[in-house]
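Here is how the chains run, residue by residue.
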Amino acid sequence: MFFHRKELMFPVRVGTPDARFGQLLLEQFGGATGELTASLQYWVQSFHVQDAGIRDMLQDIAIEEFSHLEMVGRMIELHTQGPGRQAAEQSPLFAIRGVGPHFLDSQGQAWSAGYINEGGNVVRDLRANIAAEAGARQTYEALLNGCEDAGTKEALTFLLTREISHTRMFMQALHAMGKLDDPMFGNVAPDSTVDLYFNMSRDGALDMRGPWNKEPAFRFIDQPAPEGETPSQVSNPDDERMAPANQGGKPKGRAPAAH
Ligand code: MN
Ligand code: MN
């Protein structure tokens, strides 16, 4: 069951409406890193998480993200309420679609459920959530860099801050499971290549070494060699054949066209 309160989670005040900036804000309303993506991702994840504590956290954060969505929507509404002609010149998108938010990104592309990353395992889900929060935080920073309105900046800074808080919550949940710095999860044991680092982009002095390819975590394979076979014959009856002279034999497929 959902209840809704009409007051916003945090004040949204816009001193100078700017429809062009309102269009940029759409990135956090109907864009890939936006609040709709985050809220629906965490909410749908909560349905398949066994652990009651993590399920409760996902639901709390999902509903907070809906509250962020509401704030971003209000911000867009305020930024697109300028004088009609002026706003239309600033952003043709709002001139056509009207005042207020729409489920489009800043370039007018429709929101897609394909932005949502979830499924099957709580470790996979929580790691996807850390990535989602990183994307949201980065977009808020880009928006802040292009923003001159003090009230808008204050609200955007709050929203950016909360994404950092959520990241930490997801990291703490992974830590509690011992999965924050253990890449392994699930029920299939890895094979013997698990600790190999393949030096696949080779250039002697330019091959860099770091903890990602060093002992104790990894064995560095300087000259990786293939262990598989050369694929032999391809069977494709529809494929074109070379002329018999070039092939050294009679084509098995269709006869060549008569001249
Ligand atoms: Mn958010
Ligand atoms: Mn968040």
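Everything numeric in this text was worked out from a predicted model, so none of it was measured.

A. Broad picture of the nonpolar core. One finds Leu25, Met75, Ile76, Tyr140, Leu156 and Leu159 to be the most contacted residues of the largest nonpolar core, which totals 25 residues. Among the elements that line this core, the one with the most residues is helix H4 (residues 52-79), at 6 residues. In this view, Leu159 contacts Glu35, His68, Met71, Val72, Met75 and Tyr140; residues no more than four positions away in its chain are not counted. In this structure, Leu58, Val123, Ala173 and Leu174 belong to the second largest nonpolar core, which totals 13 residues.

B. Representation of the coordination of the manganese ion (ligand 1). Summarising the metal site, the manganese ion (ligand 1) is bound by the protein donors Glu35 (OE), Glu35 (OE), Glu65 (OE), His68 (ND1) and Glu163 (OE), whose distances to it range over 2.0 to 2.5 Å. A separation of 3.8 Å is found between the manganese ion (ligand 1) and the manganese ion (ligand 2), which are bridged by Glu65. Remark: Glu65 occurs in helix H4 and Glu35 occurs in helix H3 (residues 35-46); sequence separation between them is 30 residues. Each member of the pair, Glu35 as well as Glu65, carries the same accessibility label: buried.

C. Spotlight on the coordination of the manganese ion (ligand 2). Around the manganese ion (ligand 2), the protein contributes the donor atoms Glu65 (OE), Glu133 (OE), Glu133 (OE), Glu163 (OE) and His166 (ND1), at 2.0 to 2.4 Å from the metal centre. On the primary sequence, the residues serving as donors to the manganese ion (ligand 2) are separated as E-x67-E-x29-E-x2-H.

D. How the structure looks around the packing of helix H7 (residues 122-145) against helix H8 (residues 150-176). Two numbers describe how H7 lies on H8: the axes approach to 9 Å, and their chain directions differ by 160°. Considering their axes alone, H7 and H8 lie roughly antiparallel with respect to each other. Relative to H8, H7 is oriented so that their crossing is left-handed. In the contact of H7 with H8, the residues fall into 15 nonpolar, 4 polar and 6 charged.

Cut-offs applied
- Residues numbered from 1 in each chain as written.
- Chains lettered and ligands numbered in written order.
- Predicted model: local features only at pLDDT ≥ 70, side-chain atom pairs only at ≥ 80, totals over all residues.
- Heavy atoms only, no water.
- Core = buried A, V, L, I, M, F, W, Y, C linked by side-chain atoms within 4.5 Å.
- Buried < 20%, exposed > 50% of the residue type's maximum accessible area, 1.4 Å probe, protein only.
- Helix = DSSP H or I, 4+ residues; strand = E, 2+ residues; numbered from the N terminus.
- Contact = heavy atoms within 4.5 Å.
- Donors = N, O, S within 2.8 Å, 3.2 Å for Na, K, Ca; no water.
- Axes fitted to C-alpha atoms, helices over the stretch in contact; angles between N-to-C directions.
- Parallel < 35°, antiparallel > 145°, perpendicular 65-115°, else oblique.
- Left-handed = near helix turned anticlockwise from the far one by under 90°.
- Nonpolar A, V, L, I, M, F, W, Y, C, P; charged D, E, K, R; others polar.

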